[in-house]
Amino acid sequence: MEFRDLKKQYEILKNTIDESIQSVIDSSKFINGPQIRQLEIKLAEYAGVKHCITCANGTDALSMMLASWGVTKGDAVFVPDFTFFATAEAVSSEGAVPVFVDVDDRTFNMDPIKLEQAIKEVLKEGILIPKAIIPVNLFGLPAPYDEINNIAEKHNLKVLEDSAQGFGGSIGDKKACSFGDAATTSFFPAKPLGCYGDGGAIFTDNDETDSYIRSIQAHGKGSYKYENIQIGRNSRLDTIQAAILLAKLQIFKDQELGKVKEIADTYAKLLDGYVITPHVPDSYQSSWAQYTIQLKNKKERDCLQQFLNSNKVPTMIYYPTPLHLQKAFEGNPLYQKCPVSEKLSNTVLSLPMHPYLDTESICFIANLIRNYLKSS
Ligand SMILES: *Cc1c(COP(=O)(O)O)cnc(C)c1O
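Residues numbered from 1 in each chain as written. Predicted model: local features only at pLDDT ≥ 70, side-chain atom pairs only at ≥ 80, totals over all residues. Heavy atoms only, no water.

## Overview of the overall build of the protein chain
Working step 1: A tally of regular secondary structure across the protein chain gives 11 helices and 12 strands.
Working step 2: Over its C-alpha atoms the protein chain spans a radius of gyration of 21 Å, differing by no more than 12% from the 21 Å that the globule rule assigns to 376 residues.
Working step 3: Taking the principal axes of its C-alpha atoms as reference, the protein chain extends roughly 70 × 60 × 35 Å.
Working step 4: Burial analysis of the protein chain (376 residues in total) assigns 54% to the buried set. (Helix = DSSP H or I, 4+ residues; strand = E, 2+ residues; numbered from the N terminus. Rg over C-alpha atoms; globule rule 2.2 N^0.38 Å. Buried < 20%, exposed > 50% of the residue type's maximum accessible area, 1.4 Å probe, protein only.)

## Let's talk about the environment of G140
Working step 1: Of note, G140 is situated in the loop between strand 4 (129–133) and helix 6 (145–155).
Working step 2: In this structure the C-alpha to C-alpha distance between G140 and S286, which are 146 residues apart in sequence, comes to 4.8 Å.
Working step 3: Excluding its chain neighbours within four sequence positions, the residues that come into contact with G140 are Q165, G166, G169, Q285, S286, S287, W288 and A289. (Contact = heavy atoms within 4.5 Å.)

## Quick look at unusual backbone geometry
Working step 1: With an omega of 5°, the peptide bond running from Y318 to Y319 counts as cis.
Working step 2: Looking at the element boundaries, Y319 is found in the loop between helix 9 (298–310) and helix 10 (339–347).
Working step 3: Of note in the backbone geometry, N32 takes a positive phi value of approximately 55° without being a glycine.
Working step 4: Along the chain, N32 falls in the loop between helix 1 (6–27) and helix 2 (34–47).
Working step 5: Classification of N32 as exposed rests on a relative accessible area of 55%.
Working step 6: Look at S283: it is not a glycine, yet its phi comes out positive at around 70°.

Structural data, given as structure tokens:
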């Protein structure tokens, strides 16, 4: 059994993907081939946003967006304490300070009440200047943007939606990557929509942001490639990766999102009452990047993981360390305690989740968990 079965997906899409890759090789347009623009148009249309700019990875996407807002030394950017390292790393790499905000223990996402408290703490101290908030759509579930956007407006902060795990999710009829002033995603192979290497994208309705990002991602180019008007970097998506994503996008929209939702429902039905299953608020849809359950304590979680492992069921702990306890952030000012994030790092366990997980496997996994918890 695989934790995320990319081989099975390839078997099903083999002809389309192979043809798509071959067409890039036949054309030799490995950099900035026509597939790049085709993909950007389709992604923007799907997310319901004016501009999509593809780039090298989701981390670059975050830091380029922060740069476009002039986020720099002396600025505070609010990030959830419970997320993948890159969310906060992008803030530090621009010279700003990530301020860790505790999360909600049912959705795993940034807690708006704690967010406002953290903003007030930073303002009261008067050293850092609050500039932006990066809510993360953790494990595929959109963060509570109604509340977060209100707080942002009140304090005049930008909202950067980190949808690296969230592409395909929604709130009501609005799709992920359309909730903030700008959004980013990642096409790392194991993300909901993944390519066969690294890749990322930025989404925004703002025309100036679009031009700025297109310049700094290409060495700060001006009106043409060899006119350089500012210091930028090199951050492109390869044409082959765009071709692969084009081949995958249709089935992702038409089938895969529906399938992962069914799988999550089946897990929830079978595990309810045994463990805490993921909470999806009304009108929210997750893209189910992860299916993450909560156990009573670290011992129960670790023992269950070992038991599943001995039965050849792969599981992962996302994330074993809250950001504020990461060595890289030692000495970083902490404006609030993050007890929920600390608890979650000890109690969460992510189970196999992907569109090609069959019912038999789900029942096998759920039965192991039920039997283990009954007997322990
Ligand atoms: C994966 C991920 C990123 C970084 O994406 P890369 O493409 O790997 O650079 C950023 N934020 C979150 C929440 C992620 O899960």
